[in-house]
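Remarks on the overall topology
These are the residues of each chain, in order.
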Amino acid sequence: MINKELLRMVVGFRRFRERFFAEENSVYTRLASSGQSPKTLMIACSDSRVDPAILFSTSPGDIFVVRNVANLVPPFESSIGFHGVSAAIEFAVVNLQVENIVVLGHRQCGGIRSLFQPENIKAGGFVAQWMTIADEAKKAVLATAKTQDVDTLCRECERASIVISLKNLRSFPFIETAIRDRNLQLLGVYFDLEDGHLSAYDNASDSFQDIQVT
Ligand SMILES: [Zn+2]
């Protein structure tokens, strides 16, 4: 008997194929012959509610995506190891020569919540270790917090951690070079999945500003 989830995937795949393979000069005919040349690298959370392709209505070939717990960018490390996120960033910047890097954060991020409620995750496990990248954001939020309300602290930390990731991006030598030589843009964007709003980090005011979409 066929797995129910696989069956659902096959139905979805049929719809996808009708949309992108039906015409003679389809998107995939072009992408298969010329390869991919996305303009943007998107670093997003693994959360099932924040798929960048769905959020931004992109087509195949439009964005190169790295997804991980809490959309974090680790600082540059030269030690030998399995640096999966750094490898994807390197490929996008050095090989694909993307013009923008977007760090996309979101409301109700479980990874960020684990910083404030560590009892919800395995102590000393992969998630806890990974989330130490955002420790600096948590400390900054707590230092200026006017409330102890966890929801509010999480919301602020979800945004603050985007700023840490933008800072960490600049620690990669090939990113510094790309900023200098070809004006690579680094952008921080936050999606509030509770009210459907999008905001962007503004360097000058060091704050997130709502993006008007209508
Ligand atoms: Zn998340």
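Along the protein, the regular secondary structure elements total nine helices and six strands. Relative to the 2.2 N^0.38 estimate, which gives 17 Å for 214 residues, the radius of gyration of the protein is 19 Å and therefore close to what a compact globule would have. Its C-alpha atoms give the protein principal-axis dimensions of about 60 × 50 × 45 Å. Considering the protein as a whole, with its 214 residues, one finds that 37% of them fall into the buried category. When the accessible area of the protein is evaluated, it comes to approximately 13000 Å², of which 54% is carbon and sulfur surface. Both charge centroids of the protein, one from 22 positive and one from 25 negative side chains, sit 4 Å from each other.

Right, let's talk about the side chain of serine 114 for a bit. Within the element layout of this structure, serine 114 appears in helix 5 (residues 110-116). You can call serine 114 buried: its relative accessible area is 6%.

Residue pairs spaced three or four apart in an α-helix point in one direction, given the helix's 3.6 residues per turn. Between its first and last C-alpha, helix 8 (residues 150-169) extends 28 Å over 20 residues, near the 28 Å set by a 1.5 Å rise per residue. Looking at helix 8, one finds that the buried residues are Leu153, Cys154, Cys157, Glu158, Ala160, Ser161, Ile162, Ile164, Ser165, Leu166, Asn168 and Leu169.

The subject of this paragraph is the layout of surface pockets. In this approach the atoms are scanned with a rolling probe the size of a water molecule, which exposes any empty space left behind. The space that makes up the largest pocket amounts to roughly 390 Å³. Lining the largest pocket are 13 residues, with Pro74, Glu77, Gln129, Trp130 and Ile133 sitting closest to its centre. Here the lining of the largest pocket is built from residues that sort into seven nonpolar, five polar and one charged. Here the second largest pocket defines a volume of roughly 320 Å³. Lining the second largest pocket are 13 residues, and of these Glu156, Arg159, Ala160, Val163 and Asp206 sit closest to its centre. Where the lining of the second largest pocket is concerned, the elements lending two or more residues are helix 7 (135-144), helix 8 and strand 6 (207-210). When residues in the lining of the second largest pocket are grouped by element, the largest group, five residues, is from helix 8.

Six octahedral donors around a metal ideally make angles of 90 or 180 degrees; four tetrahedral donors ideally make 109.5 degrees. Looking at the zinc ion, one finds its protein donor set to be Cys45 (SG), His106 (NE2) and Cys109 (SG), positioned 2.1 to 2.3 Å from the metal centre. Between consecutive donor residues of the zinc ion, the sequence gaps follow C-x60-H-x2-C. Classification of cysteine 109 as buried rests on a relative accessible area of 2%.

Attention shifts here to the sheet that holds strand 1 (residues 40-45). Pairing within the open sheet is mixed, and its six strands lie in the order 2-1-3-4-5-6. Two strands in the sheet have a free side with no partner beyond their single neighbour: strand 2 (63-68) and strand 6. Recorded for the sheet is a direction-independent mean angle of 25° between the axes of neighbouring strands. Sitting on the sheet, helix 4 (residues 84-95) touches strand 1, strand 2 and strand 3 (100-106), and the angle it makes with strand 2 is about 170°.

Turning our attention to the pattern of salt bridges. Under the defined criterion, the tally for this structure stands at eleven salt bridges. Between lysine 167 and glutamate 136 there is a salt bridge, with its nearest N and O atoms 2.8 Å apart. Here lysine 167 is found in helix 8, whereas its partner glutamate 136 is found in helix 7, with 31 residues between them in sequence. A relative accessible area of 41% places glutamate 136 in the partly exposed class. Among the salt bridges present, the one from aspartate 181 reaches arginine 180, with a minimum N-O distance of 3.4 Å.

What counts and what doesn't
Residues numbered from 1 in each chain as written. Predicted model: local features only at pLDDT ≥ 70, side-chain atom pairs only at ≥ 80, totals over all residues. Heavy atoms only, no water. Helix = DSSP H or I, 4+ residues; strand = E, 2+ residues; numbered from the N terminus. Rg over C-alpha atoms; globule rule 2.2 N^0.38 Å. Buried < 20%, exposed > 50% of the residue type's maximum accessible area, 1.4 Å probe, protein only. Areas by Shrake-Rupley, 256 points an atom, 1.4 Å probe, with all protein chains shown as cover. Lys, Arg positive; Asp, Glu negative; His and termini not counted. Charge placed at Lys NZ, Arg CZ, Asp CG, Glu CD. Expected span 1.5 Å × (residues − 1). 1 Å grid on protein atoms, 1.4 Å probe; cavity = no way out; pocket = protein on both sides within 12 Å on 5 of 7 lines; lining within 4 Å. Points joined across faces, edges and corners; volume = space filled by probe spheres on them. Nonpolar A, V, L, I, M, F, W, Y, C, P; charged D, E, K, R; others polar. Donors = N, O, S within 2.8 Å, 3.2 Å for Na, K, Ca; no water. Pairing = 2+ DSSP bridges. Axes fitted to C-alpha atoms, helices over the stretch in contact; angles between N-to-C directions. Contact = heavy atoms within 4.5 Å. Salt bridge = Lys/Arg side-chain N within 4 Å of Asp/Glu carboxyl O.

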